[in-house]
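Here is how the chains run, residue by residue.
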Amino acid sequence: IAHRDENLVVYIGEAPPGWDPEFPRQAEVEVEDGDQNDNERQQEPLVSPPFALPNPYGWMRDETRKDPHVLEHLQAENNYTRSRTAHLESFRQDLYKELLARIQ
C-alpha cells in the first residue's frame, strides 16, 4: 500500500514571475523589536535562488482528515507498526503506567 509521488516537489525560494500574491509563499512569524519591545509580524526570508525540494509524501496532506486514500494508508502503516512491535506490548503498558503515575 506504500505510495510515493516521486515527481511531487515544493518550490522554495523567491516567488516565480506571475505568482499570485494572494497565495502565501512563506510563513509570518512574530519577532520582538529590540528597541521598543513590541511584537511585530515579519516574513521569514526566502531562499534565493529558488529550487525544487522533493516532497514524495505531500499527497498525504489532508486538512479535512477525510481523504479515504490517506486514511487507508495511515491505517496500513499503523497495522504494520503494531505487527512489528507486538513483542513490546507489555513494555508499552508498563511505560504508560509509569508515565501516569508520574503525572498524577
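This text follows the structure it describes.
For every chain, the first residue of its written sequence is number 1, and the numbers climb from 1 along that sequence. Only residues with pLDDT of at least 70 get local features here, since the model is predicted, and only at 80 or more are side-chain atom pairs given and counted; chain-wide, interface and lining totals rely on the full set of residues. As a convention, hydrogens and water are excluded, and side-chain values are obtained from all of the structure's heavy atoms.

### Some details on the environment of P56
Position of P56 among the secondary structure elements: in the loop between strand 4 (51-54) and helix 1 (68-84). Between the alpha carbons of P56 and L8 there is a distance of 5.6 Å; along the sequence they are 48 residues apart. In this structure P56 touches R4, D5, E6 and L8, once residues within four positions along its chain are discounted. In this text, helices come from DSSP runs of H or I with a minimum length of four residues, and strands from runs of E with a minimum of two, each type numbered from the N-terminal end. In this analysis, two residues are considered to be in contact whenever any of their non-hydrogen atoms come within 4.5 Å of each other.

### Points about the pattern of salt bridges
Basic side-chain nitrogens of Lys or Arg form a salt bridge, by our definition, when they fall within 4 Å of a carboxyl oxygen of Asp or Glu. One pass over the structure, following the stated rule, counts 3 salt bridges. Note that R61 and E63 form a salt bridge whose closest N and O atoms lie 2.8 Å from each other. In this structure, R92 and E89 form a salt bridge, with 2.5 Å as the shortest nitrogen-oxygen distance. In this pair, R92 and E89 both sit in helix 2 (residues 89-103), 3 residues apart, roughly one turn of the helix.

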